[in-house]
Amino acid sequence: MSRLHARIGTLRQLEIFLAVYDGGSIKAAAASLHLTQPTVSMQIKKLSEAVGMPLYDLLGRKLVFTEAGHELSLTAREVLNQFERLDMKLARMRGLTTGTLKLAVVTTSKYFIPHLLGPFCEQYPDIDIELTVGNRQKIIDRMVMGLDDFYVFSHPPKDIETDSIEFLDNPLVVIAPEGHALAQKKRLSLNHISKENFLMREEGSGTRYAIEEFMKRQGCALNIRMTIESNEAIKHSVMSGLGISILSSHTLTYGGDAGLVRLNVAKTPIEAHWHFVWLKAKEHTVLGQAFLEYVQREGRPLVEDELKKSGIH
Ligand code: PGA
């Protein structure tokens, strides 16, 4: 005898059986499915033959389901639920052929965000992406105005009602130019670096916020000699001997770190994590929902792979 799934006529039979099971009678099932009672009986008879066992007994006019009937109801429900999920996914894909996904991300995350967007755009070639890059304060301002679908921070604002998913580690590391005297030392304390000329990101930067919070916790001060508005400019300034700095290791991984060394300083790297954030009050678009699912399902391994390839993490 062939296997059960090959003997069962159609998914429609399973649906009819579930209507009988849930409704408790052929009559109730026929009414709910807008079928005649003989049609329902006929389909149930076929199903019972395919299973090779009765699905219910008749006690007077009442249907009493057999063990096989109960088991079949469980499987039928699972199968039909799976199809319902597939249906929802397909509907979403159909709605996804066009549309714009708006992202606003802090400058430091611009190193890995494109690696995420590439494969997503390949899956949905007709969508548009608007990517805004700015420092933490600029991205918070956009968030307050509700301008975008998603925001990427490592230090999301605490006073705005948001939901978020944590995405990846974002360690902040101490950097110095190659050949710097401190680079010879195996282990440094925060006191060592507090005396050095320090190059700091601008007011409103998340990197600066993280460094300041960390130094406050450690009861330490920095000797800030220059304020610079970009990670790249800080790297080049460090390379050219203007001072040392603390930056996200992502800026080195993706941006290249020739001419720079990481200092092995106690209590560092400063621990931080990337977050995908959205406003609680704003409902996701179909495209936004698909992007979020993609980030959760594929995004993390994808970026982790990129980081591994770079050999730095
Ligand atoms: P920034 O933000 O680019 O504003 O420094 C980075 C972060 O939030 O860690």
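Residues numbered from 1 in each chain as written. Predicted model: local features only at pLDDT ≥ 70, side-chain atom pairs only at ≥ 80, totals over all residues. Heavy atoms only, no water.

What am I meant to see in the site of the ligand here?
Close contacts around the ligand come from Val-106, Thr-107, Thr-108, Asn-135, Arg-136, Ser-154, His-155, Asn-170, Arg-201, Ser-205, Gly-206 and Thr-207, and that covers them all. Note that an oxygen atom of the ligand is positioned 2.3 Å from one of the side-chain N or O atoms of Thr-107. Between the ligand and Arg-136 there is a distance of 2.8 Å, counted from an oxygen atom to a backbone nitrogen or oxygen. Contact with the protein chains removes 100% of the 280 Å² of surface that the ligand exposes when unbound. The class makeup of the residues in the shell around the ligand is one nonpolar, nine polar and two charged. Residue contributions to the shell around the ligand reach at least three from each of two domains, namely domain 2 (98-169 + 273-310) and domain 3 (172-262). (Near = heavy atom within 4 Å. Polar contact = N/O pair within 3.5 Å; in protein donor to acceptor, adjacent residues only side chain to side chain. Areas by Shrake-Rupley, 256 points an atom, 1.4 Å probe, with all protein chains shown as cover. Nonpolar A, V, L, I, M, F, W, Y, C, P; charged D, E, K, R; others polar. Domains from an automatic or database assignment.)

I'm lost on the side chain of Asp-149 in this one. Help?
Assignment of secondary structure puts Asp-149 in the loop between helix 7 (136-144) and strand 5 (150-153). Buried and unpaired, Asp-149 has no salt bridge, with Lys-282 as the nearest side chain of opposite charge at 4.6 Å. Within the local environment of Asp-149, its side chain forms a polar contact with the backbone nitrogen of Lys-102, the two atoms lying 2.8 Å apart. Among all residues touching Asp-149, those that are not within four sequence positions of it are Thr-100, Leu-101, Lys-102, Val-277, Trp-278 and Thr-285. (Helix = DSSP H or I, 4+ residues; strand = E, 2+ residues; numbered from the N terminus. Buried < 20%, exposed > 50% of the residue type's maximum accessible area, 1.4 Å probe, protein only. Lys, Arg positive; Asp, Glu negative; His and termini not counted. Salt bridge = Lys/Arg side-chain N within 4 Å of Asp/Glu carboxyl O. Contact = heavy atoms within 4.5 Å.)

What is the right way to look at the confidence of the model for the protein in this model?
Overall, the prediction assigns the protein a mean pLDDT of 90, with 96% of residues at 70 or greater. Within the protein, the element-level pLDDT minimum falls on helix 12 (residues 286-310), averaging 81, and the maximum on strand 8 (residues 197-201), averaging 97. (pLDDT = per-residue confidence, 0-100.)

Would you mind going over the sheet that holds strand 9 (residues 223-228) with me for this structure?
Strand pairing in a sheet relies on backbone hydrogen bonds, with the paired strands running either antiparallel or parallel. The five strands are arranged 9-8-10-7-11 in an open sheet whose pairing can be described as mixed. Both outer strands of the open sheet, strand 9 and strand 11 (260-262), are each paired with one neighbouring strand and no more. Taken over all neighbouring pairs, the strand axes of this sheet differ in orientation by 40 degrees on average, direction set aside. Its contacts with the sheet put helix 9 (residues 206-218) on strand 7 (172-177), strand 8, strand 9 and strand 10 (244-248), and the angle it makes with strand 8 is roughly 130 degrees. (Pairing = 2+ DSSP bridges. Axes fitted to C-alpha atoms, helices over the stretch in contact; angles between N-to-C directions.)

Mind showing me how you'd approach the domain arrangement of the protein here?
Frequently, the measure chosen for interface size is the accessible area that the parts lose on association. You can read the domains of the protein as domain 1 (4-75), domain 2 (98-169 + 273-310) and domain 3 (172-262). Computed from C-alpha atoms alone, the centre-to-centre distance between domain 1 and domain 2 is 48 Å.

Please clarify how the pattern of salt bridges should be interpreted in this entry.
Charged atoms that come close allow side chains of opposite charge to pair. Throughout the structure, instances matching the rule amount to eleven salt bridges. For Lys-216, the salt bridge identified is with Glu-213, shortest N-O distance 3.3 Å. With Lys-216 and Glu-213 both in helix 9, this residue pair falls three residues apart, about one helical turn. Residue classification places Lys-216 among the exposed residues on the basis of a relative accessible area of 63%. Three or more residues are tied together by salt bridges with common partners; here these are Glu-203, Arg-208 and Glu-212.

Explain the sheet that holds strand 4 (residues 128-134) to me, please; I cannot follow it from the model alone.
Reading across from one edge, 4-3-5-12-6 is the order of the five strands in this open sheet, with mixed pairing throughout. Unpaired on one side and paired on the other, strand 4 and strand 6 (162-169) mark the two borders of the sheet. The mean inter-strand angle of the sheet, taken between neighbouring strand axes irrespective of direction, is 20 degrees. Sheet analysis places strand 6 next to strand 12 (residues 273-279), joined by seven bridges and oriented antiparallel. In the strand pairing of strand 12, Asp-169 is matched with His-273. Running at roughly 175 degrees to strand 4, helix 6 (residues 113-123) makes contact with strand 3 (100-106), strand 4, strand 5, strand 6 and strand 12 of the sheet. Packed onto the sheet, helix 7 meets strand 3, strand 4, strand 5, strand 6 and strand 12 and runs at close to 130 degrees relative to strand 4.

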